Amino acid sequence: MSEMFSKKNLKLITNPLGEDNPITVQVLGICSALAVTVKVEPAIVMAISVTAVLAFANVIISLLRNTIPSRIRIIVQLVVIAALVILVDQILKAYAYDVSKQLSVFVGLIITNCILMGRLEAFALGNKPWPSFLDGIGNGSGYALILVIVAVTREIFGSGSITLPGFGEMKLIPQAFYDMGYSNNGLMILPPMALIVVGIIIWVQRARNKELIES
Amino acid sequence: MQEIINIFVKSVFIDNMVFAYFLGMCSYLAVSKTVKTSVGLGLAVVFVLVITVPVDYLLNEYLLGPGALAWIDESYKTVDLSFLSFIMFIAVIASMVQLVEMVVEKYAPALYASLGIFLPLIAVNCAILGGSLFMQEREYTSIAQATSFAFGSGIGWFLAIVGIAAIREKIRYSQVPAPLRGLGITFIVTGLMGIAFMSFMGIKL
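Residues numbered from 1 in each chain as written. Chains lettered and ligands numbered in written order. Predicted model: local features only at pLDDT ≥ 70, side-chain atom pairs only at ≥ 80, totals over all residues. Heavy atoms only, no water.

Enquirer: It is not clear to me how the overall build of chain B should be interpreted in this structure. Could you clarify?
Expert: Across its full length, chain B carries nine helices and zero strands. Helices (α) and strands (β) of chain B occur, in sequence order from the N terminus, as α-α-α-α-α-α-α-α-α. Reported as C-alpha extents along the three principal axes, the dimensions of chain B are approximately 70 × 45 × 30 Å. Buried residues in chain B amount to 50% of all 205 residues. Across chain B, every contact between residues at least 6 apart in sequence was considered, and the portion connecting residues at least 24 apart equals 76%. Accessible surface computed for chain B: about 9,400 Å², of which carbon and sulfur atoms make up 69%. (Helix = DSSP H or I, 4+ residues; strand = E, 2+ residues; numbered from the N terminus. Buried < 20%, exposed > 50% of the residue type's maximum accessible area, 1.4 Å probe, protein only. Contact = heavy atoms within 4.5 Å. Areas by Shrake-Rupley, 256 points an atom, 1.4 Å probe, with all protein chains shown as cover.)

Enquirer: Could you clarify how one ought to interpret the side chain of Gln-145 of chain B in this entry?
Expert: Take Gln-145 of chain B: it is sitting in helix 8 (residues 143-171). You can call Gln-145 of chain B buried: its relative accessible area is 10%.

Enquirer: Explanation requested: the interface of chain B and chain A in the structure shown.
Expert: You'll often see interface size given as the accessible area lost when the parts meet. Across the boundary between the two partners, chain B contributes 39 residues, which contact 40 residues of chain A. Across the interface of chain B and chain A, roughly 3,500 Å² is buried in total on both sides, 85% from carbon and sulfur atoms. Joining chain B to chain A, the criterion identifies zero residue pairs in polar contact (both at pLDDT 80 or more). Taken together, the elements giving at least two residues each to the side of chain B that touches chain A come down to helix 2 (25-30), helix 4 (85-107), helix 7 (126-138) and helix 9 (183-197) of chain B. In terms of residue count, the dominant contributor to the side of chain B that touches chain A is helix 9 of chain B (nine residues). Considering only residue class, the side of chain B that touches chain A consists of 29 nonpolar, eight polar and two charged. (Buried area = accessible area lost by both parts, 1.4 Å probe. Polar contact = N/O pair within 3.5 Å; in protein donor to acceptor, adjacent residues only side chain to side chain. Nonpolar A, V, L, I, M, F, W, Y, C, P; charged D, E, K, R; others polar.)

Enquirer: Just to check I follow, could you spell out unusual backbone geometry for this structure?
Expert: Peptide bonds are trans in most cases, and residues, glycine excluded, mostly fall at negative phi. Here Val-27 of chain A, not a glycine, exhibits a phi torsion of approximately 55 degrees, which is positive. Topologically, Val-27 of chain A is positioned in the loop between helix 1 (7-14) and helix 2 (30-35). Of note in the backbone geometry, Phe-22 of chain B takes a positive phi value of approximately 55 degrees without being a glycine. Mapped onto the secondary structure, Phe-22 of chain B falls in the loop between helix 1 (2-14) and helix 2.

Enquirer: How should I be thinking about the pairing of strand 1 (residues 161-164) of chain A in this particular structure?
Expert: The side chains of a regular strand alternate between the sheet's two faces. All names here are of chain A. One ladder, built from four bridges, connects strand 1 with strand 2 (residues 168-171); its direction is antiparallel. The residue bridging Ile-162 from the neighbouring strand is Met-170, located in strand 2. Between strand 1 and strand 2, which pair antiparallel and follow one another directly, the connecting turn spans three residues, one of which, Gly-166, has a positive phi of 90 degrees. (Pairing = 2+ DSSP bridges.)

Enquirer: How should the confidence of the model for chain B be read in this particular structure?
Expert: Any segment with low pLDDT has predicted coordinates that should not be analysed in fine detail. Residues and elements named next belong to chain B. On average, chain B scores 85 in pLDDT, and the residues at 70 or more come to 97%. Per-residue pLDDT, averaged within each element of chain B, yields its smallest value for helix 6 (residues 118-122) (70) and its largest for helix 8 (93). Across the assembled chains, the prediction reports ipTM 0.82 with pTM 0.84. (pLDDT = per-residue confidence, 0-100.)

Enquirer: Would you mind going over helix 9 of chain B with me for this structure?
Expert: At 3.6 residues per turn, the α-helix brings residues three or four places apart onto the same side. Taking 1.5 Å of rise per residue, the 15 residues of helix 9 of chain B would be expected to cover 21 Å, and the 21 Å separating its terminal C-alpha atoms lies within 8% of that figure. Turning to helix 9 of chain B, its buried residues number three or more, namely Leu-183, Gly-184, Ile-185, Thr-186, Phe-187, Ile-188, Val-189, Thr-190, Gly-191, Met-193, Gly-194 and Phe-197 of chain B. Where helix 9 of chain B is buried, its residues meet helix 2 and helix 10 (191-208) of chain A together with helix 1, helix 2 and helix 8 of chain B. (Expected span 1.5 Å × (residues − 1).)

Enquirer: I'm lost on the environment of Gln-26 of chain A in this one. Help?
Expert: Residue and element names in this part refer to chain A. Looking at the secondary structure, you find Gln-26 in the loop between helix 1 and helix 2. If we skip the residues at most four places from it in the chain, Gln-26 touches Asp-20, Asn-21, Arg-119 and Asn-139. Among the polar contacts listed, one links the side chain of Gln-26 to the side chain of Asn-139, at a separation of 3.4 Å.

Enquirer: Is there a simple way to explain the packing of helix 3 (residues 40-64) of chain A against helix 7 (residues 114-122) of chain A in this structure?
Expert: Residues and elements named next belong to chain A. Two elements in contact, helix 3 and helix 7, have axes whose closest approach is 10 Å; the angle formed by their N-to-C orientations is 30 degrees. With respect to helix 7, the axis of helix 3 lies roughly parallel. Like other packed secondary-structure pairs, helix 3 and helix 7 cross with a definite hand, here right-handed. Contact residues: Val-53, Leu-54, Ala-57, Asn-58 and Ile-61 in helix 3; Ile-115, Leu-116, Arg-119 and Leu-120 in helix 7. (Axes fitted to C-alpha atoms, helices over the stretch in contact; angles between N-to-C directions. Parallel < 35°, antiparallel > 145°, perpendicular 65-115°, else oblique. Left-handed = near helix turned anticlockwise from the far one by under 90°.)

Enquirer: Would you mind showing me how to read the pattern of salt bridges here?
Expert: Oppositely charged side chains may form a pair once their charged atoms are brought near each other. Across all of its chains, the model carries six salt bridges over all chains by this definition. The salt bridge involving Lys-93 of chain A is made with Asp-89 of chain A; its shortest N-O contact spans 3.3 Å. Here the residue Lys-93 of chain A and the residue Asp-89 of chain A both occupy positions in helix 4 (residues 73-95), the gap between them amounting to four residues, near one helical turn. Judged by its relative accessible area of 40%, Lys-93 of chain A falls in the partly exposed class. Classification of Asp-89 of chain A as buried rests on a relative accessible area of 8%. Salt-bridge contacts for Asp-15 of chain B lead to Lys-10 of chain B; the nearest nitrogen and oxygen are separated by 3.4 Å. (Salt bridge = Lys/Arg side-chain N within 4 Å of Asp/Glu carboxyl O.)

Enquirer: So what exactly am I meant to see when it comes to the packing of aromatic side chains here?
Expert: Think of a pair of aromatic rings as described by two things: how far the centres are apart, and how the planes are tilted against each other in angle. As enumerated under the stated definition, the model contains eleven aromatic pairs over all chains in all. Consider the rings of Trp-130 of chain A and Phe-133 of chain A, whose centres lie 5.8 Å apart with planes at 20 degrees: the pair is stacked. With a gap of three residues between them, Trp-130 of chain A and Phe-133 of chain A both fall in helix 8 (residues 129-159), about one helical turn apart. Residue classification places Trp-130 of chain A among the partly exposed positions, given a relative accessible area of 27%. For Phe-133 of chain A, a relative accessible area of 24% translates into the label partly exposed. Centroid distance Tyr-178 of chain A to Tyr-182 of chain A: 5.7 Å. Interplanar angle 65 degrees. Geometry classified as edge-to-face. Judged by its relative accessible area of 30%, Tyr-182 of chain A falls in the partly exposed class. Pairwise contacts between aromatic rings join Phe-13, Phe-19, Phe-197 and Phe-200 of chain B into one cluster. The side chain of Arg-138 of chain B reaches across the aromatic face of Phe-134 of chain B, ending 4.5 Å from its centre. (Phe/Tyr/Trp six-rings, centres within 6.5 Å; stacked < 30°, edge-to-face > 60°. Lys NZ or Arg CZ within 6 Å of the ring centre and 35° of its normal.)

Printed below as a string of structure tokens:
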């Protein structure tokens, strides 16, 4: 047990949360990260779906890594990912139909999410199943972290509320504020603001961690 | 005919792949350092979109969609295979990219040399799969509409990547705060370009 959670293995989970974050540092999986962050609920569902697909795809490819001929590995990876995504899509349609409608094509686009291909190529093809599983969970959580930060910012400023799965929509800004003339910033709901929020997150992260600055 | 032109204009400007849906962001950010390479990748994306979306349209119409198998026999009318569409679409895209790569290599070596490394990358560009999935979701009624949508989305993506590459070439000479250099400023500039593109949103076609 202690072997399974050694320092080296724990690093696989903690690194992607900060200095090796898939979105802000490795630049993987941007497309879906931006499109589903208008409200918090779809962002959380998306993050969980990606983490699940990533962890299991990592394990499967890692188990197969010695038998896949390198020339056809991309197709094999795509088939494994596509099969897992179909499972996730069917589960969402069965148990969370409204959210799956909101996510529309973005569930399908998990297949071409670069986090998946990137981690499969960079990690699962060269490592044992257990570290690969942890790597998948770690990178999925790093992705989730950014998604939730962006979604919370956009929903608070854009709609004045927070929508959590299972709790429904909660108003955060009291009516008295609106009566005094405060109004929601409609720009935050529009797609371009997601890019600017991520840009600012990158700015803050790099200002704190000078090693990440590009020359 | 007018319908087809409307779809084209709409998918270039109003429903732009990059600014409205953030599709193909990864390669958009990674390959936009110089205008020359971004033109190559942009052309390759247009090319592959125009080939794969009509093929996926036919697949969806005659194999996967609800009631699509009715042409074999009336009794197949209730079959709905659309849950298989992800795996079929991605298979079509991966094999088409491979095929296009081989054809271009044989018959247009000059084009191959300029597109070279970008062609295989396109298989995992979300703009391509996104094109097919949007085509399925928006339920275009003819193959001409689907092709026009594919061409328009490709051109929209091309415009976006060439635009950001030109801006990034200029940004190199300006004083950007150190932590924003590279990735950060590219995100913010893309956001501003997106706001500019939103001015097309009011247009009703």
